[in-house]
Amino acid sequence: MTTHAATPQPSYLVDTGSRKGLLAWLTSTDHKRVGVLYLVSMLSFFFVGVGIGFVMRLVQLTPFQHLITARTYNALFTVHGVIMIFLFVIPGLPAVFGNFFLPILIGAKDVAFPRLNLASWYFFMIGATLAVLSLFTGGGAPDTGWTFYAPFSLKTGTNVSLAVFGAFVLGFSSMLTGINFITTIHRLRAPGMKWFRMPLMCWALYSTSWIQLLATPILAITLVLVILERFFGIGIFDPAKGGDPLLYQHLFWIYSHPAVYIMILPAMGAITEIIPTFAKRTIFGYKAIAFSSMAIAGVGSLVWAHHMFTSGMSNLATMIFSLLTMIVAVPSAIKVFNWVATLYKGSIDFQPPLLFALTFIFLFAIGGLTGVMQGALAINVHIHDTYFIVGHFHYVMFGGTGFAFFAALLYWFPKMFGKMYSKKAIYAAWFPMFIGFNMLYFGMLILGMMGMPRRYFVHLPQFHTMHVVATVGSWFLVLGLLAFFGTLLYALFKGEKAEDNPWGGVTLEWTIPSPPPKENFDTIPTITHGPYHFEQESQ
Amino acid sequence: MSEHADLNTVQQPEHPAEHPGYGTFIKVWVALLILTAGLVGMSHVSQTYAVWGLLTMTPLKAGLVFYFFMHLKYEGPLLKIVILVTLGTLLIFFALLFSDVAFH
């Protein structure tokens, strides 16, 4: 299937309207440009987060206080969490690759509400600006941790109110993107693109969008209540006024645990696109993967209180949530088994995106399995609030979503920018990233099992060796990240021109030029078969 | 936006004849006033009554507003299903939340 025309449309990177340069980008409603706006802004925040994490690891290089004060350390882990969670991992794949590729993958010319899409980016930037402003105004950077737990968040003199309001505005960005994607998938699929002919990335984005739409308002309301409590002392969460601090934790995690799936589902979707392309065969268990996305979205919304097993909630609730937590592992495992089964007896074409996709599977499996461990009540009591938790969620969010983001970027970079990067340089960058990542975060898992509590800015001597291992790992990791993004940046300006279909992919984005033209398709394609239809396989 | 399914060209359900008149609106408004009065009354009896009043009458009021004022009654089945799924999700959240709140 080809959709090239005799007179090709200009690329989306070319300014054809009355506005030129930056202004043209800032006012464009083209879904691809909006995706790139998100990419640039989120990567900027990502590197700020990386820098803060790097400093925190340096602090742990010795058992004693050095470099910064305890209060600054508190502010740093809060800001690191807020930036990485709200400004990078949650919007990460849906906002960048969802915006850029969802319409193309379903054969549409844009999302359903292009102006709303651009407005979502502005909400994102306003929310981000408010969150960053909170560091330097009021009583200084919030010191509550990214969870803003009551009653401390109600009492602290740091600038919690502005940071919380920033997160509230960011929530609007997320909800509007969710509404846009759901409507786009329902209404703008190309003729013949039935639900089970959609690429699985679309299923992942669809599931994610429902979580964004249903769960985010709960967080938004909760954060408003925190602000009202701080300014007017209404007493909803403050036990001194008859409020219930556990209610805050419930409301916070009703959103924030599903948010983990907002982070991971699109990552899984991207991996599901990459694996068939480099195995040169159709995906194993299409419907199982599609339904497992919906199952993860559904069941994943009902497990929030496993973050609260030691909080003093009722025994009945702990047992119910422990059981539900175990159940959510099933659809996640379905995906992993299907990816491995797709690779089995495939014609493997080992390229950088596949390397990062396989790394994702390995790291996510460790993150997932350590998550199941914590779902067990007895183990949870032992490791709660230790470095084990920090190691676990970095395996899921960085090893999972982060590496999937890198895999997706490597996979779609030639399509997005029409340039090809040096594969050797990417392989070279992968090595320190992988080694450094595991030294850093597996080190944290061990530290947690040994009893090292999280969020302490000094540590006892018995934890020192593993802290040094983890800190050295952070150096390797940062080195790898710099090499990785340096390679892509070099390719962006000086890379060779990429082919339209450098990987031999069969989904719709590979049928159009690189970079894509303004309106994606000259003529809307008619779909006659499933998304992973490899001719050599059917011969 | 793609021509094949441009939202502007998608057939919207037409039901001008089914739209309620002022009479219906006034009846619903009176019902809302009665429910509000009931709610206020129950809150004066005891805290337990106040909670049960909130749990039963508020959703009823919201339902009336959804159904008549927000025209849910005249929408197609897809939108009704979406609303039901949302309400179902909310109910499940409540039930799980009460598994803690009611027992701790």
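Residue numbers here run from 1 along each chain, matching the order of that chain's written sequence. The order in which chains are written sets their letters, starting at A; the order in which ligands are written sets their numbers, starting at 1. Per-residue local features are limited, in this predicted model, to residues with pLDDT of at least 70; the limit for side-chain atom pairs, both in listing and counting, is 80 or more; totals at the level of whole chains, interfaces and linings are taken over all residues.

Student: If you had to explain the overall build of chain B to someone new, which residues and values would you point to?
Tutor: Strands are runs of DSSP state E lasting at least two residues, helices are runs of H or I lasting at least four, and both sets are numbered from the N terminus onward. Looking only at helices and strands, chain B features three helices and zero strands. Seen in sequence order, chain B has helices and strands lined up from the N terminus as α-α-α. Per-residue burial over chain B gives 5% buried out of 104 residues. The exposure scheme places C-beta atoms from the backbone and then counts, for each residue, the other C-beta atoms within 10 Å of its own, assigning buried at 20 or more, exposed at 12 or fewer, and partly exposed in between.

Student: Quick one: what's the story with the overall build of chain A, residue by residue and with numbers?
Tutor: The helix and strand inventory of chain A stands at 17 helices and two strands. Note that the radius of gyration is over C-alpha atoms, with the globule rule given as 2.2 Å times the number of residues to the power 0.38. Over its C-alpha atoms chain A spans a radius of gyration of 23 Å, differing by no more than 12% from the 24 Å that the globule rule assigns to 539 residues. Over its C-alpha atoms, taken along the principal directions, chain A stretches across nearly 70 × 45 × 45 Å. For chain A, with 539 residues in total, the buried portion stands at 55%. Residue pairs are scored as contacts if the distance between their C-beta atoms, which are placed from the backbone, is within 7 Å. For chain A, restricting intrachain contacts to residue pairs at least 6 apart in sequence, the fraction spanning at least 24 positions comes to 85%.

Student: Account for the nonpolar core, naming residues and giving values.
Tutor: For this entry, the nonpolar core is defined as buried Ala, Val, Leu, Ile, Met, Phe, Trp, Tyr and Cys residues connected by C-beta atoms within 7 Å. Formed by 185 residues in total, the largest nonpolar core has its most connected members in Ile271 and Ala407 of chain A. Each residue touching Ala407 of chain A, except ones within four places of it in the same chain, is listed here: Ala270, Ile271, Ile274, Pro353, Phe356, Ala357 and Phe360 of chain A.

Student: I'd like to hear about the packing of helix α10 (residues 286-300) of chain A against helix α11 (residues 315-343) of chain A, residue by residue, with values.
Tutor: Residues and elements named next belong to chain A. Interaxial angle, 0 to 180 degrees, is taken between N-to-C directions of lines fitted to C-alpha atoms, where a helix line uses only the stretch in contact. As a packed pair, α10 and α11 sit with axes 9 Å apart at the nearest point and diverge in direction by 160°. With respect to their mutual orientation, α10 and α11 come out roughly antiparallel. Regarding α10 and α11, the two cross each other, and that crossing is left-handed. Two secondary-structure elements touch here, α10 through Ala288, Ile289, Ser292, Ala295, Ile296, Val299 and Gly300 and α11 through Leu324, Ile327, Val328, Pro331, Ser332, Ile334, Lys335 and Asn338. Amino acid classes used here: Ala, Val, Leu, Ile, Met, Phe, Trp, Tyr, Cys and Pro are nonpolar; Asp, Glu, Lys and Arg are charged; the rest, including Gly, are polar. The residue makeup of the contact of α10 with α11, split by class, is 10 nonpolar, four polar and one charged. Roughly parallel covers angles under 35 degrees, roughly antiparallel covers those over 145, roughly perpendicular covers 65 to 115, and oblique covers all other angles. Crossing handedness: left-handed means the near helix sits turned counterclockwise from the far one by under a right angle, and right-handed means the same turn made clockwise.

Student: Tell me about the interface of chain B and chain A, residues and numbers included.
Tutor: Contact with chain B, which involves 16 residues of that partner, is made by 20 residues of chain A. Looking at the side of chain B that touches chain A residue by residue, the class counts come to nine nonpolar, six polar and one charged.

Student: Tell me about the domain arrangement of chain B, and please be specific about residues and values.
Tutor: Splitting chain B by domain gives domain 1 (19-70) and domain 2 (75-104). Boundaries of every domain are those given by an automatic assignment or by a domain database. Once you take the C-alpha centre of each, domain 1 of chain B and domain 2 of chain B turn out to be 20 Å apart.

Student: How would you summarise unusual backbone geometry if you had to cite specific residues and measurements?
Tutor: All names here are of chain A. For the bond from Ala150 to Pro151, the omega torsion is 5°, close enough to zero to count as cis. Relative to the elements of secondary structure, Pro151 occurs in the loop between α5 (114-136) and α6 (152-155). Cis geometry marks the peptide bond from Ser514 to Pro515; its omega dihedral reads -10°. One can find Pro515 in the loop between β2 (496-497) and α17 (535-538). In this model, Lys345 sits at a positive phi of 65°, which is unusual for a non-glycine residue. Relative to the helices and strands, Lys345 is located in the loop between α11 and α12 (352-375). Take Lys345: there are 9 C-beta atoms within 10 Å of it, and that puts it in the exposed class.

Student: Mind laying out helix α3 (residues 70-89) of chain A, listing which residues take part and the relevant values?
Tutor: Here, expected helix span is obtained from the residue count minus one, scaled by 1.5 Å. Its 20 residues give α3 of chain A an end-to-end C-alpha distance of 27 Å, which sits within 8% of 28 Å, the value for a rise of 1.5 Å per residue. Taken across its 20 residues, α3 of chain A has 16 buried, putting it largely inside the fold.

Student: I'd like a description of the environment of Asp15 of chain A, backed by residues and values.
Tutor: All names here are of chain A. Counting through the fold element by element, Asp15 comes out in the segment before α1 (21-26). With 21 residues separating them in the primary sequence, Asp15 and Val36 have C-alpha atoms 15 Å apart. Contacts of Asp15, omitting those with residues within four sequence positions, involve Lys20, Gly21 and Ala24.

Student: Quick rundown of the packing of α11 of chain A against helix α3 (residues 77-101) of chain B? Include the residues and the values.
Tutor: When two helices pack together, their arrangement is given by the angle between their axes and by how far apart the axes lie. It is the contact of α11 of chain A with α3 of chain B, at a shortest axis distance of 6 Å, that shows an interaxial angle of 140°. Put simply, α11 of chain A runs oblique to α3 of chain B. Contact residues: Leu316, Ala317 and Ile320 of chain A in α11 of chain A; Leu96, Ser99 and Asp100 of chain B in α3 of chain B. Classifying every residue of the contact of α11 of chain A with α3 of chain B by side-chain character gives four nonpolar, one polar and one charged.

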